[in-house]
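Here are the chains, one letter per residue:
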Amino acid sequence: QVQLVESGGGLVQAGGSLRLSCAASGRTFSSYAMGWFRQAPGKEREFVAAVSNSGGITDYADSVKGRFTISRDNGKNTVYLQMSRLRSDDTAVYYCAADPRGRYAYAYWGQGTQVTVSS
């Protein structure tokens, strides 16, 4: 019983920044690990970042390390993806996902939000 809604996407120039948000329903949000994924046209969905239920452990794809930061606010049932120094190859639809067992098995997905980086 989890619904996820992403927001914050848009058009940005290369080198700029965006912060994505994912609002979650449910009383058990604080027990779920959360992840961000992205999918560009003609490509498979790829892992971007993950955060543990408490927010104390994070994991990133090599392509975004040092540029993106995942965080969460359990009091607001929200997970964030701060994206900096954006590049054209970051252009994709970004999805958040919930992992009830914290084992990279994502059971719930949002509808996605478009990020377009112009160069």
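Owing to the predicted nature of the structure, the values given are computational and were not obtained by experimental measurement.

Engineer: Now, about the side chain of aspartate 90: what can you tell me, with residues and values included?
Structural biologist: Tracing the backbone shows aspartate 90 in the loop between β8 (78-83) and β9 (92-99). Accessibility expressed as a relative area gives 0% for aspartate 90, which makes it buried. Among the polar contacts listed, one links the side chain of aspartate 90 to the backbone nitrogen of arginine 87, at a separation of 2.8 Å. Every residue in contact with aspartate 90, bar those within four places of it in the chain, is listed here: Arg38, Arg67, Phe68, Arg85, Val115 and Val117.

Engineer: Account for the sheet that holds strand β7 (residues 68-73), naming residues and giving values.
Structural biologist: Taken together, the four strands give an open sheet; going across it, the order is β1-β3-β8-β7, and neighbouring strands pair in antiparallel fashion. Since the sheet does not close on itself, it has two edges, and those belong to β1 (4-7) and β7, each with one partner. Direction aside, the axes of adjacent strands within the sheet are offset by 15° on average. For strand β3 (residues 18-24) and β8, the ladder comprises six bridges, and the chain directions are antiparallel.

Engineer: Explain the packing of aromatic side chains to me, and be specific about the residues and the numbers.
Structural biologist: The final tally for this structure, using the stated rule, is five aromatic pairs. Considering the side-chain rings of phenylalanine 37 and phenylalanine 47, the 5.7 Å spacing of their centres and the 75° angle between planes classify their relative orientation as edge-to-face. Taken together, the residues span a long stretch of sequence, with phenylalanine 37 in strand β4 (residues 33-39) and phenylalanine 47 in strand β5 (residues 46-51) at a distance of ten residues. Here the aromatic rings of phenylalanine 37 and tryptophan 109 are separated by 4.9 Å at their centres, their planes lie at 55°, and the arrangement is tilted. With phenylalanine 37 in strand β4 and tryptophan 109 in strand β10 (residues 108-109), this pair connects stretches of sequence that are 72 residues apart. The exposure class of tryptophan 109 is partly exposed, given its relative accessible area of 35%. Directly above the ring of tryptophan 109 sits arginine 45, whose terminal nitrogen or CZ lies 4.8 Å from the centroid. The residue whose ring lies beneath arginine 72 is phenylalanine 29, and the NZ or CZ to ring-centre distance is 4.5 Å.

Engineer: Before we move on, can you summarise the pattern of salt bridges with the specific residues and values?
Structural biologist: Under the counting rule described, the total for this entry stands at five salt bridges. One salt bridge connects arginine 67 with aspartate 90, and the closest N-O pair in it is separated by 2.8 Å. Separated by 23 residues along the polypeptide, arginine 67 in the loop between β6 (58-60) and β7 and aspartate 90 in the loop between β8 and β9 bring together distant segments of the chain. Here aspartate 89 makes a salt bridge to arginine 87, at a shortest N to O gap of 3.2 Å. What makes arginine 87 partly exposed here is its relative accessible area of 35%. Among the ionic contacts, a cluster of salt bridges with common partners joins Arg38, Glu46, Arg67 and Asp90.

Calculation rules
Residues numbered from 1 in each chain as written. Predicted model: local features only at pLDDT ≥ 70, side-chain atom pairs only at ≥ 80, totals over all residues. Heavy atoms only, no water. Helix = DSSP H or I, 4+ residues; strand = E, 2+ residues; numbered from the N terminus. Buried < 20%, exposed > 50% of the residue type's maximum accessible area, 1.4 Å probe, protein only. Polar contact = N/O pair within 3.5 Å; in protein donor to acceptor, adjacent residues only side chain to side chain. Contact = heavy atoms within 4.5 Å. Pairing = 2+ DSSP bridges. Axes fitted to C-alpha atoms, helices over the stretch in contact; angles between N-to-C directions. Phe/Tyr/Trp six-rings, centres within 6.5 Å; stacked < 30°, edge-to-face > 60°. Lys NZ or Arg CZ within 6 Å of the ring centre and 35° of its normal. Salt bridge = Lys/Arg side-chain N within 4 Å of Asp/Glu carboxyl O.

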